[in-house]
Amino acid sequence: MNTSELKVKIFTSYLQPWDIIENDIITPIQCGRATADVKLPMIGDDTGDNISEKNYMYGELTAQYWAWKNDSDYDYIGFMDHRRHFNFGKTQTTHEAFSDYHNDKMDETKIFIQNYITDSYLNSIAIDEDNIKQSLNGCDVLLPFAENLSSNSKNSKDETNKDSLELYSEIVKEKMLRQIIQDLYPDYATAFDEYLEDNLFYSKRMFIMKKSVFMKYSEFLFSILTSLEKQVDNTDIAINNIQYIAFIGDLLLGVFIYKNKEAFKTKELQQSSILESFTLNYTLTTLDFNKEDVNICLAFSTNYIGYSYVAIKSLLMNRKTNYNINIFCFIDFPQGKSTQYKYLEDLEKQYSNVKIVIINVTKFLLDKNIKFKVPPSSNHTISSYIRLFIPIILPKLERVVYLDSDLIVNTDIQELYNYDLQDKYVGAVRDLGISIEKSPWDLDVYDTKKKRFITYNITNYVEEYLEINYKEYINTGVLLMDYTKLKEDGIIKNSLDIIQKRYFTLLDQDTYNIVFNKKINYLPQYWNATEPTTIALIPDIKDIFDGAVPYKMYKENFIDEHKIIHYTGSVKPWIAVDLNVKELNIWWEVAKTTPFYECFLQQCIVKSAGVRNRFNLLFTVKRYLLTKHPIIAKILKLPYHLLRRMYRTLKYLKNFK
């Protein structure tokens, strides 16, 4: 038969909606669907003749059993799982690569290893119809390279499956398994002995077989496992540690191949491995968007998950009716390790008509090969730029409210979502700290041409460096965005071009101000009141703004009831715990209802009273010197600025060379 005419089906097994791979050959299948809490958007192993409810013992083998009993429309059938795939490309490694891998040497020149599944990863392993069929040309069985049995044995130290592995070892050592093989398949008994003495070991339940071979192998495998299951007493084994059946299945695959090594034409391919499986409660490809839905986006790094939880909880607590609301959390997972995002998924279950969608932005940036530099500052991570990519990641959205994580929503967010933008692209408030004449705040700006820092008064920075009228500068912590207009005008592409060419002190906020200038509908300040913490620390801070900004702005920020309180600046509510200030207490009232409350209290190591006094004193002295004795102020600041500039310049040169 011509290779192109082959009917090939490869099942990839899933327990949760990890990154899903699917094409004309690759078919995702949910294992253990009979006992799963959620049905994934794929076929399951719980129809027809099945053992789906035994997934806790059989693992991915429940999918193989289902395919054996219920699917016969193929010439070749195979199995992989969500993290381990065949490399069907032309570049393959040798057997030793897997020995290196299991000894934690992680030599990327010998084995294909990647943190996440991305487009470039899929291209590298050539997981497409033509390459898969070409790999099967002239063979009956396709397997991953065999592993070294001694290196694999180190996995017995894995406490997660300790009981299973001990029982596996006991079954093999006491020859219970051999006796079953002797009884059911006596001609395999010698092969079993010889295979155990060999150094090579086939595992991971990965293979592709001709239909006739697969049927023979499945009959061999499941008849032995069924007999074994009846003979072993499982009553004393914890249910999450009972997958010894699956481990025995790994062993039997090798025995079957070893016995038939002369009869089958066998080919081995490199196994590619994904180190991080990112679990999503929804997959973007299956999300439905209705025009009536309210769409909210937040972007943050993993260390801000708790504070983001508080912001989202405040939003949901103030929803007046049960309209549909989609909350998209764009999280920077630099190592893919954090599990706290599961609290956000659980929050969804507490409210009706709510979807909370977790999106791994680190994976997305790798996937799209988007690269840019973030200034080396402890206050900023890649998450600071995430909001720029939202229209690319979610192209179907037409309107979005973007919220920072360090804020509290005091009203029904639908009111803001339905705000009339009057044909503008963005709704936002003016940044109060920049909108004042003669601002007391300075910024150190890194000049990429001169390769040194230049100090700007913050107002002059906006006027001279960004070339924007300081009265038009917005705070981007709360944004109402019309994505339809943004995409039509090419603004997103302009944003990406800008951040890859220039470095800004205020990062994406500066970028947004440049690209959105003259396209902004200015919202009332109470939609993003930005001074509550500063006022708590310095009660007379209002004097700076009184008369320096239009009274309407002053009233909306300091007098009117705040609809969204945004805790800008370095002192947050979770630091200023002992300040009896209404705007800060509101945050703590919501925080008390979250699973992070005790963590917030433990983090308050720095006494806020000390912070308040130091901040108040320094600000008062600085303002006095600047207004009464500016020359003395400059002389006193000179050594400090010289040392800070020297340190930060060296840091920037190291990162931006």
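Before reading on, note that the structure itself is shown above.
From a predicted model like this one, the values you see are computed outputs, not experimental measurements.

**Q** Explanation requested: the sheet that holds strand β22 (residues 520-522) in the structure shown.
**A** In sheet architecture, strand pairing relies on hydrogen bonds along the backbone and comes in two forms, parallel and antiparallel. Read from one edge to the other, the open sheet built from seven strands follows the order β15-β14-β13-β16-β21-β18-β22, with strand pairing classed as mixed. Edge strands, defined here as strands with exactly one partner in the open sheet, are β15 (354-360) and β22. Averaged over neighbouring strand pairs, the angle between their axes works out to 25° when direction is ignored. Inspection of the sheet shows strand β13 (residues 294-301) paired to strand β16 (residues 399-403) by three bridges, in the parallel sense. Its bridge partner lying in β16, Leu298 is registered against Leu403. Each of β13, β14 (325-332), β15 and β16 touches helix α12 (residues 305-317); the most contacted strand, β13, lies at about 165° to it. Lying on the sheet, helix α20 (residues 507-516) is in contact with β18 (426-430), β21 (474-482) and β22; it crosses β21 at an angle near 50°.

**Q** Would you take a moment to explain the packing of helix α9 (residues 189-197) against helix α11 (residues 244-259) for this structure?
**A** Any two packed helices are characterised by how steeply their axes cross, that is the angle between the axes, and by the distance between the axes. One way to put it is that α9 packs onto α11 with a least axis distance of 9 Å and a crossing angle of 110°. With respect to α11, the element α9 is oriented roughly perpendicular. As α9 packs across α11, the resulting crossing turns out to be right-handed. Along the contact surface, α9 presents Ala191, Phe192, Glu194, Tyr195 and Leu196, while α11 presents Leu251, Gly254, Val255, Tyr258 and Lys259. Each residue belonging to the contact of α9 with α11 can be placed in one class, and the counts come to seven nonpolar, one polar and two charged.

**Q** Is there a simple way to explain the nonpolar core in this structure?
**A** Side chains of a nonpolar character, in soluble globular proteins, are inclined to be buried together. Core analysis: the largest hydrophobic core is formed by 53 residues, its most contacted members being Leu177, Met209, Phe220, Phe222, Leu225 and Leu252. Setting aside chain neighbours within four positions, we find Leu177 in contact with Ile171, Phe192, Ile224, Ile248, Leu251 and Leu252. Leu315, Tyr323, Tyr417 and Val581 belong to the second largest nonpolar core, which has 51 residues in total.

**Q** Mind showing me how you'd approach helix α8 (residues 176-184) here?
**A** Every α-helical turn comprises 3.6 residues, leaving residues that sit three or four positions apart pointing alike. For α8, every residue scored as buried is listed here: Leu177, Ile180 and Ile181. The buried residues of α8 occupy an angular sector of 100° when projected down its axis, which confines them to one face.

**Q** How do you make sense of the side chain of His85 when you look at a structure like this?
**A** Along the polypeptide, His85 turns up in strand β5 (residues 84-86). Looking at His85, the relative accessible area reads 0%, which means it is buried. Side-chain polar atoms of His85 contact the backbone oxygen of Asp81, separated by 3.4 Å. When near neighbours in sequence (up to four residues on either side) are disregarded, His85 contacts Ile21, Met80, Ile117, Tyr121, Ile125, Met206, Gln270, Gln271, Ser272 and Ile274.

**Q** Honestly, the packing of aromatic side chains in this entry has me stumped. Any pointers?
**A** Pairs of aromatic rings are described using the distance from one ring centre to the other and the angle between the two planes. In total, this model carries 33 aromatic pairs according to the counting rule given. A ring pair is formed by Phe11 and Trp66, whose centres lie 6.1 Å apart and whose planes are at 85°; its orientation type is edge-to-face. Of the two residues, Phe11 sits in strand β1 (residues 8-14) while Trp66 sits in helix α2 (residues 61-70), which places them 55 residues apart along the sequence. For the pair Phe11 and Trp66, a shared accessibility class is recorded, and that class is buried. Relative to Phe256, the ring of Tyr188 has its centre 6.4 Å away and its plane inclined at 10°; by these criteria the two rings are stacked. With Tyr188 in the loop between α8 and α9 and Phe256 in helix α11, this pair connects stretches of sequence that are 68 residues apart.

What counts and what doesn't
Residues numbered from 1 in each chain as written. Predicted model: local features only at pLDDT ≥ 70, side-chain atom pairs only at ≥ 80, totals over all residues. Heavy atoms only, no water. Pairing = 2+ DSSP bridges. Helix = DSSP H or I, 4+ residues; strand = E, 2+ residues; numbered from the N terminus. Axes fitted to C-alpha atoms, helices over the stretch in contact; angles between N-to-C directions. Contact = heavy atoms within 4.5 Å. Parallel < 35°, antiparallel > 145°, perpendicular 65-115°, else oblique. Left-handed = near helix turned anticlockwise from the far one by under 90°. Nonpolar A, V, L, I, M, F, W, Y, C, P; charged D, E, K, R; others polar. Core = buried A, V, L, I, M, F, W, Y, C linked by side-chain atoms within 4.5 Å. Buried < 20%, exposed > 50% of the residue type's maximum accessible area, 1.4 Å probe, protein only. Arc of directions from axis to C-beta. Polar contact = N/O pair within 3.5 Å; in protein donor to acceptor, adjacent residues only side chain to side chain. Phe/Tyr/Trp six-rings, centres within 6.5 Å; stacked < 30°, edge-to-face > 60°.

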